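Given next are the chains, with one letter for each unit.
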Protein chains: 2
Amino acid sequence: MDRLIDAIEAADNPSVVGLDPTPHVVPDCLVTALEPEVAREVDASELPTERLAVAYMEFNRAIIDAIADVVPAVKPQIAMYEALGPAGLDAYAMTCGYARSRGLYVIGDVKRGDIGSTAQAYAAHLSGLPVSPGGDAIDVWHEDAVTVNPYLGSDGIIPFVTAARDHDKDAFALVRTSNPSSDDVQECLLQDGHRLYEHVADLVSDWGSDTIGDHGYSRLGAVVGATHSDEGARLRRRMPHTFFLVPGYGAQGGTAHDIAPMFDDRGSGAIVNSSRGIIGAWRHGQTLDPSMGVEEILAVVSRCAREAAISMRDEIRAALA
Amino acid sequence: MDRLIDAIEAADNPSVVGLDPTPHVVPDCLVTALEPEVAREVDASELPTERLAVAYMEFNRAIIDAIADVVPAVKPQIAMYEALGPAGLDAYAMTCGYARSRGLYVIGDVKRGDIGSTAQAYAAHLSGLPVSPGGDAIDVWHEDAVTVNPYLGSDGIIPFVTAARDHDKDAFALVRTSNPSSDDVQECLLQDGHRLYEHVADLVSDWGSDTIGDHGYSRLGAVVGATHSDEGARLRRRMPHTFFLVPGYGAQGGTAHDIAPMFDDRGSGAIVNSSRGIIGAWRHGQTLDPSMGVEEILAVVSRCAREAAISMRDEIRAALA
C-alpha cells in the first residue's frame, strides 16, 4: 500500500474520486453533442452503446484533468461500463490508462471473487496477461488496485494478494459495506459473540499479513463504509495493519465526522471515496443547455468537479486536524 | 427458471458445459495456426491478446457445435475472458451470442455483487441497456442467467431478480461454493446454531419467493458445490423452490453419486456443471501436433468434448434413475 500512501501524502488529501458514469450523471447534451462524430466511426447497430461509451470517456477525461492535482487517486466502478457491454469496457480500460498517465493511482472497483483457479484469472487485473515465458506481462486493465469479495474464502483472495506483491499493486476486500442491506449477511451474530464482518476482518488481516510495507499497512486493504462510523472505529483498532477504502461519503450519507475514526493517530490508514458528489456536482451548478458545444459542457462539468473535490479535501482535512 | 427446466427436459440432461478457456486448455497449436489471420487484422500491439481472444472464440464455437444437441445449456466463466482485457470480453459476448443462436440457455458465470445502485448497473447483464423511453433494450451480453454474490445483502441481489422477472431470465446466488476454502466464511457457526450458508440459503429463498414459475422453482437459484454432498441434500430440503446450479463435478472432485441428493424426487431441481472435464477432454484423447490445420485441431477438440458430454449425461442419468 506504500505507493498509495505516498500519493496521499504528496497531495495531503486522503480522498479518491469515484468515476461512475451513468446516463443520469453524464449530461444528455454531451452525449448528443458527441453523437455525430461517433456515428461516422461505427455501424448503426453499435451507435446506442458507442455513443454512451464515448461520452463516458470524454466526461472522465475532463474530470481527471480537473482533479489530477487535487486528489491522489480515482476509483472507476466497472459496473457502470459493463452495463454498456464490451464497448463500455473499452472505455473503462481507457479511463484507467488515462488516469494513470496523469499520475493518479487507479482503484478498479470490480468486487471480483471466485474459486481459486478463476480468481487466478481475475488476478490478471493486477498481474497483467503473461504472454511468453520470461517475457513481460501485458497490462490489460491499467489498474493499481482492485476490490475483491471474501465470500469464497482464501482461495478467492490469495491470488490477488500474490499478484499485488509480485507487481507492486494492492487489493481491498469487502468487510463492512456502505449499503442499507449490508446487515443481511455482514451483521450475522456468530456463536463466539462476534459479528460476521469482524470474522471477515480477521481473515483479511491474516491474508495480507505477509505483505506489510514501509508505512505499516499490508497490500490487502479493507472496504469499510462511511455509513458505519462506530464499527469503522472498532475495525481501525482490530486491524492496525489494514488500510481502509471508505465508500459512502456524500451522496450515500457519510460525513467527514463519520470517517474521522477510520484513520490512525497519524491521520493515515484510510482513503475516502466520493462519486456522485464530485462527478455529479455540475447538476447543482450552472445549467447546461442543448445549444452548448462539447468544450463548453465539459468546462462546466470540470469546474464543478474540481470545486467539489477541493471542498471534500478541505472537509476531510478539517475533520482530521 | 421455467425456460431452463424446459430445456433440461427436452434434452433429458440436467448438465451444463462450462466454457472456461485458458491458455492451458485451448491447444497452443490452435492459437499458432490462427495467428497469421489475426495478425493481418489487428495492430501488432493488440496481437498478444487478440490471438488468444480469437482462439477462444473458435474453440468455443467448435465445442458449442459439438454439444448443442447433447446439453441444454452452457456456462461461460467471464473471468477467463476478462483476463485478456477488453478483447477477451468481446469474445465472451460473442460466445454467449453464438451459444444462444444454437438454441442453448446461457448462464453467465459472472458472480457480480455490489451496492444497490451499482447492482442495478450490473443487472444490464439480464435487462440489457435501455436506450430510449419505451424502446426496446439492447441485449449487450446475450446471457439467459447470471451468477451473483450475496455478501452485500438484498440490495445487491434484488435488482437482478427484478430484471430476471421483467425479461424472462434467471439468476443464481452463491450459497455453498465448491472450493476448498469455502468454509472460511460460509461454514461460520451462528449463534442460532445454523451455519452462515444456511442463513444465506434462507435469504436466497426469500428473495426469490415472488418469482416461482410453473415448474415450482423461483427465478433466483442457488450455487451449491458438488463437493458438499451432504450439505447439498439438506439444502435441497431447506429450499424446495430454489433451483441449484452445481459446479465442482469432474475435475474438482464431485461425482454423479455426490450430486444425486441435490435433485428433487422428480429428478428436477438442479443442473450440474463440468468445465475442464468436457472442454479439456482432448488432452486425454488423440495427440495434437503443430502440423495440423485449424479444422483438424477443432475436429479433435469437438469429438472429445462431445464424447465427454455424452458420458457425463449418461452418468447423471444413471445416478438419478
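Per an unreviewed UniProt entry, the recorded name for chain A is Orotidine 5'-phosphate decarboxylase, and the organism is Bifidobacterium minimum. On record in UniProt, under Sequence similarities (unreviewed entry), the comment for chain A is "Belongs to the OMP decarboxylase family. Type 2 subfamily."

J.: Talk me through the overall build of chain A; I want residue IDs and the actual numbers.
T.: Helix and strand content of chain A: 14 helices and ten strands. The C-alpha radius of gyration of chain A comes to 20 Å, within 12% of the 20 Å expected for a compact globule of 321 residues. Projected onto its principal axes, the C-alpha positions of chain A cover 60 × 50 × 40 Å. By the burial criterion, 62% of the 321 residues in chain A qualify as buried. Within chain A, residue pairs in contact and separated by at least 24 positions form 75% of the contacts whose partners lie at least 6 positions apart. For chain A, the accessible surface area stands at approximately 11400 Å², while carbon and sulfur atoms represent 48% of it. Taken as two groups, the 25 positive and 47 negative side-chain charges of chain A have centres that lie 3 Å from each other.

J.: Could you give me a rundown of the interface of chain A and chain B, with the residues and numbers involved?
T.: The partner chain B presents 63 residues to the 63 residues of chain A that form the contact. A buried area of about 5100 Å², summed over both sides, lies between chain A and chain B, and 61% of it is on carbon and sulfur atoms. Among the residues of chain A in contact with chain B, A:Pro86, A:Tyr151 and A:Gln191 are the three that bury the most area, contributing 15% of the side total. Taken together, the connections running from chain A to chain B amount to four salt bridges.

J.: Go over the nonpolar core, please, and point to the residues and values.
T.: Counting residues in each nonpolar core, the largest one holds 236 residues, and the members touching the most others are A:Leu196 and B:Leu196. Leave out the neighbours within four places in its chain, and B:Leu196 touches A:Tyr151, A:Val185, A:Cys188, A:Leu196, B:Val185, B:Gln186, B:Cys188 and B:Leu190.

J.: So what about the relation of the copies chain A and chain B? Which residues, and what values?
T.: Rotating chain A by 180 degrees and moving it 0.0 Å along the rotation axis overlays it on chain B with an RMSD of 0.0 Å. Considering both components of the superposition, the chain copies are consistent with a two-fold axis. A symmetric contact is evident, with 100% of the interface residues of chain A recurring at the interface of chain B.

J.: Can you explain the sheet that holds strand E10 (residues 270–274) of chain B? Please cite residues and give values.
T.: Residue and element names in this part refer to chain B. One closed barrel accounts for eight strands, arranged E1-E2-E3-E6-E7-E8-E9-E10; its pairing is parallel. Adjacent strand axes in the sheet meet at a mean angle of 30 degrees, parallel and antiparallel pairs treated alike. For strand E1 (residues 15–19) and E10, the ladder comprises three bridges, and the chain directions are parallel. Residue pairing in the sheet places Val17 in a bridge with Ser274 of E10. Sitting on the sheet, helix H5 (residues 86–101) is in contact with E1, strand E2 (73–76) and strand E3 (105–112), with an inclination near 150 degrees to E3.

J.: Tell me about the pairing of E2(B), residues and numbers included.
T.: All names here are of chain B. Both faces of E2 are covered, namely the face carrying Ala73 and Lys75 and the face carrying Val74 and Pro76. Here four bridges tie E1 to E2, and the two strands are oriented parallel to one another. Residue Leu19 lies in a different strand from E2, and its bridge partner there is Pro76. Two elements, E2 and E3, share two bridges in a ladder whose sense is parallel. By the bridge assignment for E3, Ala73 is matched with Tyr105.

J.: Report on the pattern of salt bridges, specifying residues and quantitative values.
T.: Residue and element names in this part refer to chain A. A complete count under the given rule lists 52 salt bridges over all chains for this structure. Salt-bridge contacts for Lys169 lead to Asp139; the nearest nitrogen and oxygen are separated by 4.0 Å. Of this pair, Lys169 sits in the loop between helix H8 (154–167) and strand E7 (170–176) while Asp139 sits in the loop between strand E5 (137–138) and strand E6 (145–148), and the two are 30 residues apart along the sequence. The partner of Arg176 in a salt bridge is Glu231, and the shortest N-O contact between them spans 2.4 Å. Taken together, the residues Arg176 in strand E7 and Glu231 in helix H11 (residues 229–238) connect sequence positions 55 residues apart. Take Arg176 and Glu231: they sit in the same class, and that class is buried. Ionic contacts of the salt-bridge type, sharing partners, join the residues Arg3, Arg100, Asp139, Asp144, Asp168, Lys169, Asp170 and Arg219 into one network.

J.: So what about the UniProt feature "active site" (unreviewed entry) in chain A? Which residues, and what values?
T.: Taken from the UniProt record, the annotation "active site" (unreviewed entry) applies to A:Lys111. Among the secondary structure elements, A:Lys111 is positioned in strand E3 (residues 105–112). The contacts of A:Lys111, once residues within four sequence positions are left out, are A:Gln77, A:Thr147, A:Val148, A:Asn149, A:Leu174, B:Gly113 and B:Asp114.

J.: Outline the sheet that holds E7(A), listing residues and values.
T.: All names here are of chain A. Around the barrel, eight strands lie side by side as E1-E2-E3-E6-E7-E8-E9-E10; this closed barrel has parallel pairing. Averaged over neighbouring strand pairs, the angle between their axes works out to 30 degrees when direction is ignored. Helix H14 (residues 294–320) contacts strand E1 (15–19) and strand E10 (270–274) of the sheet and is inclined by roughly 145 degrees relative to E10.

J.: Let's hear about the environment of A:Gly153: which residues, and what values?
T.: Looking at where A:Gly153 falls in the secondary structure, it is placed in the loop between E6 and H8. What makes A:Gly153 buried here is its relative accessible area of 0%. Between the alpha carbons of A:Gly153 and A:Ala79 there is a distance of 23 Å; along the sequence they are 74 residues apart. If near-sequence neighbours (up to four positions away) are discounted, A:Gly153 is found in contact with A:Trp207, B:Ser181 and B:Asp184.

J.: Run through the packing of helix H2 (residues 28–41) of chain A against H14(A), naming residues and quoting values.
T.: Residue and element names in this part refer to chain A. One way to put it is that H2 packs onto H14 with a least axis distance of 9 Å and a crossing angle of 150 degrees. Regarding the angle of H2 to H14, the classification is roughly antiparallel. Every pair of crossing elements has a handedness; the one defined by H2 and H14 is left-handed. Here Cys29, Leu30, Ala33 and Leu34 of H2 come into contact with H14, specifically with Val294, Ile297 and Leu298. Considering only residue class, the contact of H2 with H14 consists of seven nonpolar, no polar and no charged.

J.: Summarise unusual backbone geometry; cite the residues concerned and give the values.
T.: Residues and elements named next belong to chain A. With phi around 45 degrees, Lys111 is a residue other than glycine that occupies positive phi space. Positive phi outside glycine occurs at Asp168, with the angle close to 50 degrees. Judged by relative accessible area, which is 36%, Asp168 ranks as partly exposed.

J.: Help me get a handle on the side chain of B:His228, residues and values and all.
T.: All names here are of chain B. Mapped onto the elements of the fold, His228 is located in the loop between strand E8 (220–224) and helix H11 (229–238). With relative accessibility at 12%, the residue His228 sits in the buried group. For His228, the contacting residues outside a window of four places in its chain are Arg176, Thr177, Ser178, Ser182, Asp183 and Met262.

Parameters at a glance
- Residues numbered from 1 in each chain as written.
- Chains lettered and ligands numbered in written order.
- Predicted model: local features only at pLDDT ≥ 70, side-chain atom pairs only at ≥ 80, totals over all residues.
- Heavy atoms only, no water.
- UniProt positions renumbered as here; feature names shortened; annotations may be inferred.
- Helix = DSSP H or I, 4+ residues; strand = E, 2+ residues; numbered from the N terminus.
- Rg over C-alpha atoms; globule rule 2.2 N^0.38 Å.
- Buried < 20%, exposed > 50% of the residue type's maximum accessible area, 1.4 Å probe, protein only.
- Contact = heavy atoms within 4.5 Å.
- Areas by Shrake-Rupley, 256 points an atom, 1.4 Å probe, with all protein chains shown as cover.
- Lys, Arg positive; Asp, Glu negative; His and termini not counted.
- Charge placed at Lys NZ, Arg CZ, Asp CG, Glu CD.
- Buried area = accessible area lost by both parts, 1.4 Å probe.
- Salt bridge = Lys/Arg side-chain N within 4 Å of Asp/Glu carboxyl O.
- Core = buried A, V, L, I, M, F, W, Y, C linked by side-chain atoms within 4.5 Å.
- Least-squares fit on C-alpha atoms with pLDDT ≥ 70 in both.
- Pairing = 2+ DSSP bridges.
- Axes fitted to C-alpha atoms, helices over the stretch in contact; angles between N-to-C directions.
- Parallel < 35°, antiparallel > 145°, perpendicular 65-115°, else oblique.
- Left-handed = near helix turned anticlockwise from the far one by under 90°.
- Nonpolar A, V, L, I, M, F, W, Y, C, P; charged D, E, K, R; others polar.

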